[in-house]
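Each chain is listed here by its residues.
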Amino acid sequence: MKPEVFTGSFTQQEPIPEEAIAAAVAVMRHGRLHRYNTVAGETAEAAALEAEFAAFTGARFCLAVASGGYALGCALRACGLAAGDPVLTNAFTLAPVPGAIAAAGGRPVFVEIGPDLTLDFDDLAGKARATGARLLMLSHMRGHVCDMEALMDLCGDLGLQVIEDCAHTMGAAWNGVPSGRHGAIGCYSTQTYKHMNSGEGGLVVTDDEDLAARMILLSGSYMLYARHPAAPGEEVFRRLRLDIPNVSGRMDNLRAAVLRPQIAMLADRRARWAALYRRLEAGLAGIPGLRLIARPESEAYMGSSFQFLLPDWEPARIRAFLAGAVGRGVELKWFGADEPQAFTSRYPHWRYAGVQSCPATDRILAGLIDLRLPLTFSPEDAAQIARILRDEALRIGQAEAVAAVETPLIQ
Ligand SMILES: *Cc1c(COP(=O)(O)O)cnc(C)c1O
């Protein structure tokens, strides 16, 4: 029998909903794409998006910005990051996170992760004390959330202010609290590969008046901050407006129009992602040498990607597994590769951050495999992907067993 091949595309997201297309076309028809370009009585799409996303997360304040990376940098500046300050962050994260820290003048300090891919609290405490850091940029990388109550307690003790990178947790929750609502500021991305799609874009939420006003001023509000519905009162801006530089990074009305109808779709997207995730998880269970990552009960996650571990596999063996899977249409990313590839790089590749050593993270990343689960996949697709990966993992084991038997015969 010919081995089955998966023919879906791992980078194909769903189309933009018709309602969002109509709203975007309306913005283009009137031409007022800039968020402050409104006629009398009009609420800009960007302003409406902020009010709606604040309501969705339960935050007092929200700001829409140009990208997720911009959101992170804006949050760091609002927290008063000064040149050369250390900023703690997960050793397992995506390049824009240390990039945002460096761009804001900070120095990324990488904190180890554990086998569940979340922050190692002992290493966090040790590095907070050793560096005197005041800020933690907490990256919920690939949607894996640490014990948030325990983390916030620890950060309170350590005097750390927490900024949450929720690029992979928009729409997720921890013990019923929306992701991004534990720390001082929650940052989200609306880039195509995340959970709401406007091509590029970002959002920040906070309950803190000063942080909100600083971020709005930073984003390039000029003296038009009163046009922000999800913002603190005028008096807060009056106090701060001459001290905060304009670091332009606003969102435009076109993207906001595309995003607004997607907020109400996040709950349904979470359910559909969960169905894909569980099918894949069930299909990969019990494969010798392959370890799944347990998800805590407290975590309501967005299953937009899937990770598993091949602990202690030799690099050559992993490469053979990846090649076998790709040959059958299953595109996998490997966080252990020597050379950074496409979106996948790891902390030693970010040379500007200086040489840092996180041996526990190195061991995990050496066997960490990652795949996307776009919503254009069906649960049957997820089941097929699992069958192919199971086949390929078993085939490698069998090939080795045969080689082990044959070798003495050759000698
Ligand atoms: C995508 C991403 C970002 C940055 O978002 P952009 O909108 O692409 O700037 C930040 N953190 C993580 C973990 C991401 O995946």
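Residue positions within a chain follow its written sequence, with the count starting from 1. pLDDT decides what is reported in this predicted model: residues at 70 or higher carry local features, side-chain atom pairs at 80 or more are listed and counted, and totals for whole chains, interfaces and linings draw on all residues regardless. Working from all heavy atoms in the structure, the side-chain values ignore hydrogens and water.

Taken together, 13 residues lie around the ligand, and Gly 69, His 168, Ser 189, Gln 191 and Lys 194 are the ones closest in. One of the backbone nitrogen or oxygen atoms of Gly 68 is found 2.8 Å away from an oxygen atom of the ligand. Any N or O atom pair separated by 3.5 Å or less is treated as a polar contact, with the protein-specific requirement of one donor-capable and one acceptor-capable atom, and with residues adjacent in sequence counted only for side-chain atom pairs. Between Ser 189 and the ligand, the recorded distance is 2.7 Å, taken from a side-chain N or O atom to an oxygen atom. Calculation of accessible area relied on Shrake-Rupley with a 1.4 Å probe; when residues are assessed, cover is drawn exclusively from the protein chains displayed. Relative to its unbound accessible surface of 380 Å², the ligand loses 92% to contact with the protein. When each cavity is represented as a set of grid points, the ligand is found to reside in the largest pocket. Of all elements in the fold, only helix H3 (68-78) and helix H4 (96-103) reach the threshold of two or more residues within the shell around the ligand. Under the grouping applied here, Gly and all other residues not named as nonpolar or charged are polar, the nonpolar ones being Ala, Val, Leu, Ile, Met, Phe, Trp, Tyr, Cys and Pro and the charged ones Asp, Glu, Lys and Arg. Residue composition of the shell around the ligand, grouped by class: four nonpolar, seven polar and two charged. Near, as used in this document, describes a residue that has one of its heavy atoms within 4 Å of the molecule or strand being considered. A pocket, in this scheme, is an open set of points on a 1 Å grid over the protein atoms alone with protein on both sides within 12 Å along at least 5 of 7 lines, while a cavity is a set where a 1.4 Å probe fits but cannot get out; residues line either one if an atom lies within 4 Å of a point. Placement in a cavity or pocket follows one criterion, namely that more than half of the molecule's atoms lie within 2 Å of its grid points. Comment: elements are numbered from the N terminus, with helices defined as DSSP H or I runs of at least four residues and strands as E runs of at least two.

Attention shifts here to empty space enclosed by the protein. Grid points are joined across faces, edges and corners, and a volume is the space filled by probe spheres set on the points. According to the stated counting rule, one finds three cavities of 30 Å³ or more in the structure shown. In this structure, the largest cavity spans a volume of roughly 140 Å³. Taken together, 14 residues make up the lining of the largest cavity; nearest its centre are Gln 13, Glu 14, His 195, Asn 197 and Arg 269. Residue classes in the lining of the largest cavity are distributed as six nonpolar, five polar and three charged.

Where interface size is given, it is often the accessible area lost as the parts come together that is meant. As used throughout, domain bounds are those supplied by an automatic or database domain assignment. When its domains are assigned, the chain resolves into domain 1 (18-263) and domain 2 (266-406). Computed from C-alpha coordinates alone, the two centres of domain 1 and domain 2 are separated by 29 Å. When the buried area of domain 1 at its contact with domain 2 is split by residue, Phe 110, Arg 142 and His 195 rank highest and sum to 20% of it. For this document, the term salt bridge refers to a Lys or Arg side-chain nitrogen within 4 Å of an Asp or Glu carboxyl oxygen. Where domain 1 touches domain 2, the interface holds one salt bridge. Close ionic contact of Asp 370 with Arg 142 constitutes a salt bridge, the shortest N to O distance being 2.9 Å. Contributions of two or more residues to the side of domain 1 that touches domain 2 are made by H4, strand S3 (107-111), strand S6 (173-174) and helix H9 (253-263). Its residues placed into classes, the side of domain 1 that touches domain 2 shows 22 nonpolar, 10 polar and five charged. A 1.4 Å probe defines the accessible area here, and the buried area is the portion of it lost by two parts on being joined, summed over both.

Here we come to a negative patch on the surface. Residues enter patches when their relative accessible area tops 30% and they take part in no salt bridge; the joining distance is 9 Å for like charges and 5 Å for the nonpolar side chains Val, Leu, Ile, Met, Phe, Trp and Tyr. We count Lys and Arg on the positive side and Asp and Glu on the negative side, and we leave His and both chain ends out. Throughout, a charge is located at the NZ atom of Lys, the CZ atom of Arg, the CG atom of Asp or the CD atom of Glu. On the surface, Asp 147, Glu 149, Asp 153 and Asp 157 cluster together into a patch of negative charge. Within the secondary structure, Asp 157 is located in helix H6 (residues 148-158). Given a relative accessible area of 69%, Asp 157 falls into the exposed group. Partly exposed describes any residue whose relative accessible area lies between the buried limit of under 20% and the exposed limit of over 50%, with all areas from a 1.4 Å probe on protein chains only and scaled to the type maximum.

What follows concerns the packing of aromatic side chains. Under the pairing criterion, centres of Phe, Tyr and Trp rings, with the six-membered ring standing for Trp, must be within 6.5 Å; the plane angle then separates stacked pairs below 30 degrees from edge-to-face pairs above 60, leaving the rest tilted. Evaluation of the coordinates by the stated rule reveals 14 aromatic pairs. For the ring pair Phe 92 and Phe 335, a centre distance of 5.0 Å and an interplane angle of 85° mean the geometry is edge-to-face. One end of the pair, Phe 92, is in the loop between strand S2 (86-90) and H4; the other, Phe 335, is in the loop between strand S13 (333-334) and helix H12 (359-365), with 243 residues separating them in the sequence. When the ring centre of Tyr 301 is taken as origin, the NZ or CZ atom of Arg 295, which lies over that ring, is 4.1 Å away. Here the guanidinium or amino end of Arg 317 rests over the ring plane of Trp 313, the centre of that ring lying 4.2 Å away. The rule is short: NZ of Lys or CZ of Arg within 6 Å of the ring centre and within 35 degrees of the ring normal puts a charge over the ring.

Here Ala 294 lies in the loop between strand S10 (291-292) and strand S11 (299-300). Looking at Ala 294, the relative accessible area reads 64%, which means it is exposed. Considering only alpha carbons, one finds Ala 294 and Val 326, 32 residues apart in sequence, at a separation of 26 Å.

Another point: unusual backbone geometry. Most of the time, phi is negative for any residue but glycine, and the peptide bond is trans. Located in the positive-phi region is Asp 312, a residue other than glycine, with phi close to 65°. The class for Asp 312 is exposed, based on a relative accessible area of 79%. Despite not being glycine, Ala 342 shows a phi value in the positive range, around 45°. Secondary-structure assignment places Ala 342 in the loop between S13 and H12.

Checked against the element boundaries, Thr 361 lands in helix H12. Judged by relative accessible area, which is 0%, Thr 361 ranks as buried. Of the polar contacts made by the side chain of Thr 361, one reaches the backbone nitrogen of Ile 113; its length is 3.0 Å. Two residues form a contact once any of their heavy atoms are found within 4.5 Å. Ignoring anything within four residues of it in the chain, the contact list for Thr 361 reads Ala 91, Phe 92, Glu 112, Ile 113 and Tyr 347.

For strand S1 (residues 61-65), a buried count of five out of five residues is recorded, marking the element as mostly surrounded by other parts of the structure. Of the two faces of S1, the one carrying Phe 61, Leu 63 and Val 65 and the one carrying Cys 62 and Ala 64 are both buried. Where S1 meets strand S9 (residues 202-206), five bridges bridge the pair, whose relative direction is antiparallel. Directly across from Val 65, in S9, lies its bridge partner Gly 202. By the convention used here, strands pair only if DSSP detects at least 2 bridges between them.

Within H6 the residues assigned to the buried category are Met 148, Leu 151, Leu 154, Cys 155 and Leu 158. Viewed along the axis of H6, the buried residues span an arc of 125°, placing them on a single side of the element. Exposed and facing more than 90 degrees away from the buried side of H6 are Asp 153, Gly 156 and Asp 157. Buried residues along H6 sit in contact with helix H5 (121-131), strand S4 (135-139), strand S5 (161-165) and S6. Measuring from the side-chain oxygen of the N-cap residue of H6 to the backbone nitrogen of Glu 149 gives 3.3 Å; that N-cap residue is Asp 147. Directly beyond the C-terminal end of H6, a positive phi value near 70° is found at Gly 159. Taken from the helix axis, the directions to the C-beta atoms give the arc we talk about.

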